[in-house]
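A look at the structure
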Amino acid sequence: MPKLTKSERYPVRFTLNGRPVEAWAEPRTLLTDVLRHGLGSTGTHVGCEHGVCGACTVEIDGEPARACLVLAGQVDGQAVRTVEGLEPEAGRLSVLQDAFRRHHGLQCGFCTPGILMTLDCLFRARPDADEAEIRDHLSGHLCRCTGYAPIMRAALDARDRFNQARREETHA
Amino acid sequence: MKPAPFDFVRAATLAEALDALAQAGEDGRVLAGGQSFVPMLNMRLARPSVLVDIMGVADLRGIEVAKGALRIGAGVRQVELTRWADLTARLPLLAAAVPYIGHVQTRSRGTVCGSLAHADPSAELPLALIALEGEIHLRTKKAHRTVAARDFFLGMMATALRPGEMIEAVSFPLRRAGQGFGFREVARRHGDYAVVACAAVAGPQGIRLAVGGVGDVPTLRELPDPASGDLNEALNDFAWSLDAREDLHATPRYRRELVRRLGRDAIEEALRCRS
Ligand SMILES: Cc1cc2nc3c(=O)[nH]c(=O)nc-3n(C[C@@H](O)[C@H](O)[C@H](O)COP(=O)(O)OP(=O)(O)OC[C@H]3O[C@@H](n4cnc5c(N)ncnc54)[C@H](O)[C@@H]3O)c2cc1C
Ligand code: FES
Ligand code: FES
């Protein structure tokens, strides 16, 4: 295994929202910076850069993770999903995003991309997550605007709509 | 902030990781889940010149029962431990403690062994390892040794790890017949490091209580049965013996009070679920 030398740049290849991408990064470059500056995917936000606020949360190989605590080189060959990957088709919001809009689950929107990624991962893995489980997942996020109540309402509503859609599919 | 520059080795085998660590000596550091180390890099509290990423080493990803213990390799993430099917039945103390480590979004990457190497005095896994009297398997390019938990944690974020050495795995002893366990923690918010955490083990050999968040390392003590009437005084002695820290989360007095209350609750729970 070759050693990557400090201050030199290397190509990093991974899939971003299902599409193969390549970006150049130093060994010390964070995934957040590769996404935002290297690839222009500025949907992923950066608040604290030490793992506390959750704004940078993305999905890496199926699990929610802090992009500010991942070196770009660590995701080489892996699958990354960001908030840009949520809309089912250009210009149409996902069920989860739409619930956030209807319930005022965001005000300034700074925390929102991270929260959406956490909830998207949760509902994919556990479509009937209960309220306690949703709260436990949200504890990894700070929101300075909403007071969290509208976020909870949006999350519960999105969960119920997913499940209704699933039930209709299985009965059809 | 951003990390200072460093060389990066993404090891594919254990031999590569050990070679790179041997070459780097004092200046090299292991990168596991990055959930404690990358914040330190970002804040430039740590400035290693070589980082060795061990998460690509397949040999370190094992989680297996061996000699009455669960042996967990250095590449096993905390979330993977929670998915081990027998966790609640065979390691109830870990089943109770792991959900308190950070958040879903940090347990998805943080490793079990990384938490031990980091050795935060308030961390749950070092506390559980001390309570269960487990062992840590260490390895350099040339040698390996196994260290008892009580000899591994030397001080606040200080361990018996030497330059060029890494944790290869940890062994948590499995529940034995007649044992019961209790875990209690108080933190400022759910997912924060503990202000005080207590882990109790009750068994045929008596009652042991480990306390984290108070002194520089988690500490274990034998305590009397509550039925004897001596427990309150023994807990009070234990609380005072720990030289409680003062920090922005809590005063020493509040920490001692938590040791007395959480300690008793943890012990009572351990006795209740003794089997
Ligand atoms: C928001 C947030 C909240 C958190 N809350 C808690 C909490 O409540 N309780 C808690 O215990 N932790 C908490 N943590 C830290 C926890 O998530 C980390 O996973 C853990 O402390 C370190 O594990 P890691 O695999 O991420 O190690 P890394 O961050 O990769 O490494 C940590 C240190 O250990 C060394 N190291 C790692 N693996 C090895 C090895 N195999 N051999 C030798 N050295 C090694 C590294 O060199 C480094 O010095 C929190 C983290 C965040 C970001
Ligand atoms: S920016 Fe990553 S957690 Fe705050
Ligand atoms: S909407 Fe502003 S921080 Fe959450």
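By the naming in an unreviewed UniProt entry, chain A is (2Fe-2S)-binding protein, taken from Muricoccus vinaceus.

Topic: the overall build of chain A
Scanning chain A from terminus to terminus reveals five helices and five strands. Listed by position from the N terminus, the elements making up chain A come as β-β-α-β-β-β-α-α-α-α. A globule of 172 residues ought to have a C-alpha radius of gyration of about 16 Å, and chain A, at 17 Å, matches this closely. For chain A, the spread of C-alpha atoms along the three principal axes comes to 55 × 40 × 30 Å. Taken over 172 residues, chain A has a buried fraction of 50%.

So, the site of ligand 1
The immediate surroundings of ligand 1 are formed by 32 residues, with B:R29, B:V30, B:S36, B:F37 and B:T111 found nearest. Chain contributions to the surroundings of ligand 1 come from chains A and B. One of the side-chain N or O atoms of B:Q78 is found 3.1 Å from an oxygen atom in ligand 1. Measuring from an oxygen atom of ligand 1, one finds a backbone N or O atom of B:D192 at 3.3 Å. For the shell around ligand 1, the element with the highest residue contribution is helix α7 (residues 112-118) of chain B, accounting for four residues. Within the shell around ligand 1, the residues separate by chemical class into 15 nonpolar, 14 polar and three charged.

Observations concerning the interface of chain B and chain A
Residue-level contacts link 38 residues of chain B with 34 residues of chain A. Of the roughly 3100 Å² buried at the junction of chain B and chain A (both faces included), carbon and sulfur atoms supply 53%. A per-residue breakdown of the area chain B buries against chain A is headed by B:R10, B:Q105 and B:R109, which together make up 23% of the total. The partner of A:E49 in a salt bridge is B:K2, with the nearest N and O atoms 2.5 Å apart. At the surface where chain B touches chain A, the tally comes to 18 residue pairs in polar contact (both at pLDDT 80 or more). Secondary-structure elements contributing two or more residues to the side of chain B that touches chain A are β1 (7-10), α1 (14-24), α2 (37-42), β3 (50-53) and α6 (104-107) of chain B. Looking at side-chain class alone, the side of chain B that touches chain A contains 17 nonpolar, 11 polar and 10 charged residues.

Some details on the sheet that holds strand β14 (residues 219-223) of chain B
All names here are of chain B. Pairing in this open sheet of four strands is antiparallel, and the strands run β11-β12-β13-β14 from one edge to the other. Edge positions in the sheet fall to β11 (180-187) and β14, since each has one partner strand and no second. Put simply, the sheet's adjacent strands are angled 15 degrees from each other on average, direction ignored. Note that β11 and strand β12 (residues 194-203) share eight bridges and pair antiparallel. Note that in β12 the partner of F183 across the bridge is A199.

Calculation criteria
Residues numbered from 1 in each chain as written. Chains lettered and ligands numbered in written order. Predicted model: local features only at pLDDT ≥ 70, side-chain atom pairs only at ≥ 80, totals over all residues. Heavy atoms only, no water. Helix = DSSP H or I, 4+ residues; strand = E, 2+ residues; numbered from the N terminus. Rg over C-alpha atoms; globule rule 2.2 N^0.38 Å. Buried < 20%, exposed > 50% of the residue type's maximum accessible area, 1.4 Å probe, protein only. Near = heavy atom within 4 Å. Polar contact = N/O pair within 3.5 Å; in protein donor to acceptor, adjacent residues only side chain to side chain. Nonpolar A, V, L, I, M, F, W, Y, C, P; charged D, E, K, R; others polar. Contact = heavy atoms within 4.5 Å. Buried area = accessible area lost by both parts, 1.4 Å probe. Salt bridge = Lys/Arg side-chain N within 4 Å of Asp/Glu carboxyl O. Pairing = 2+ DSSP bridges. Axes fitted to C-alpha atoms, helices over the stretch in contact; angles between N-to-C directions.

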